Amino acid sequence: MRPVRHAAFALAVLCALGGTPAAAASLALARQATEARDFQGALAQFEALLETQPDNSDLLIETARVYGFADRHREAVATYQRVLAVAPQRRNDIVAALAWQTLWAGDGAAARPLFVEAQALATTPRERADLLRGEGRIDRAMSKEGALLANNILFAAFTFVMLLGTTFPLIVEALNR
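Residues numbered from 1 in each chain as written. Predicted model: local features only at pLDDT ≥ 70, side-chain atom pairs only at ≥ 80, totals over all residues. Heavy atoms only, no water.

Peer 1: Can you help me understand the packing of aromatic side chains in this one?
Peer 2: Counted under the stated rule, the structure contains four aromatic pairs. A ring pair is formed by phenylalanine 39 and phenylalanine 69, whose centres lie 5.8 Å apart and whose planes are at 40°; its orientation type is tilted. On the criterion of sequence distance, the pair formed by phenylalanine 39 in helix H3 (residues 39–52) and phenylalanine 69 in helix H4 (residues 57–69) is long-range, its members being 30 residues apart. Ring geometry for phenylalanine 155 and phenylalanine 158: centres 6.4 Å apart, planes at 75°, overall edge-to-face. Highlighted residues: phenylalanine 155 and phenylalanine 158, both in helix H9 (residues 144–176), separated by three residues, approximately one helical turn. Relative accessible area serves as the criterion here: at 49%, phenylalanine 155 is assigned to the partly exposed category. Look at phenylalanine 158 and you get partly exposed, because its relative accessible area is 47%. Members of the aromatic cluster, each reached through a chain of ring pairs, are Trp100, Trp104 and Phe115. (Phe/Tyr/Trp six-rings, centres within 6.5 Å; stacked < 30°, edge-to-face > 60°. Helix = DSSP H or I, 4+ residues; strand = E, 2+ residues; numbered from the N terminus. Buried < 20%, exposed > 50% of the residue type's maximum accessible area, 1.4 Å probe, protein only.)

What follows is the structure, given as structure tokens:
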């Protein structure tokens, strides 16, 4: 049932964008290959579709995602940058994915400002936490996470002092005998 739904959706999207039924069938095959984790086959289909529709931002985004799934992060970054060149209005849609792909491609310095931008666009605490993990830092010392960390360190120090205060007289008495 699911592949049929994806094929119908692909046909509707491509027809709305001026594509042909053959292109819709090719898109459905590319999506099926992606679901089956045949990323090389899916990329071949997506690249063939991009030859006929090089400015289709939705197609470029899907292609970039598959490059990411295939651990071809540099190509994913290049494809996301191509989306920004073709459709700059889609920046908010892809900035988080672009940040991750840039980081995984080994360019942490370029990824950092993208993570900061994506944090500003995050709508849920979970999204923001995931982006903080990617950036590798906590924004403020007095954030919820920072306060929890300080609280745990303080209680660990109190526990150590209590343990030392309780056992020190026993140790001294045992050594004096």
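Now that the structure has been shown, the text picks up again.
Peer 1: What's the story with helix H6 (residues 91–104) in this structure? I'm lost.
Peer 2: Since the α-helix turns once every 3.6 residues, residues separated by three or four places project in the same direction. Taking 1.5 Å of rise per residue, 14 residues should cover 20 Å, and H6 covers 19 Å from first to last C-alpha, within 8% of that figure. Where H6 bends most, the angle comes to about 30°, and this point is alanine 97. Within H6, the full set of buried residues consists of Ile94, Val95, Leu98, Ala99, Trp100, Gln101 and Thr102. Where H6 terminates, the next one or two residues include glycine 106, which has phi positive at roughly 100°. (Expected span 1.5 Å × (residues − 1). Bend = angle between axes of the 7 residues up to and from the residue.)

Peer 1: It is not clear to me how unusual backbone geometry should be interpreted in this structure. Could you clarify?
Peer 2: In terms of backbone geometry, most residues other than glycine have negative phi values and most peptide bonds are trans. Backbone geometry places arginine 37, a non-glycine residue, at a positive phi of 65°. Mapped onto the fold, arginine 37 is located in the loop between helix H2 (21–35) and H3. A residue is classified by how much of its surface remains accessible, and arginine 37, at 65% relative accessible area, is exposed. Here aspartate 71, not a glycine, exhibits a phi torsion of approximately 60°, which is positive. Relative to the helices and strands, aspartate 71 is located in the loop between H4 and helix H5 (73–86).

Peer 1: How should the pattern of salt bridges be read in this particular structure?
Peer 2: It is possible for side chains bearing opposite charge to pair when their charged atoms get close. Using the criterion set out here, one finds six salt bridges in the structure. Note that arginine 91 is salt-bridged to glutamate 117, the shortest N-O span being 2.8 Å. Of the two residues, arginine 91 is situated in helix H6 and glutamate 117 in helix H7 (residues 108–121); the sequence distance between them amounts to 26 residues. A relative accessible area of 24% means that glutamate 117 is categorised as partly exposed. Bridged by salt links that share partners, the residues Asp58, Arg90 and Asp93 form one connected network. (Salt bridge = Lys/Arg side-chain N within 4 Å of Asp/Glu carboxyl O.)

Peer 1: Looking at this structure, I do not really get the side chain of asparagine 56. What am I missing?
Peer 2: Mapped onto the elements of the fold, asparagine 56 is located in the loop between H3 and H4. Separated by 2.8 Å, the side chains of asparagine 56 and glutamine 53 make a polar contact. (Polar contact = N/O pair within 3.5 Å; in protein donor to acceptor, adjacent residues only side chain to side chain.)

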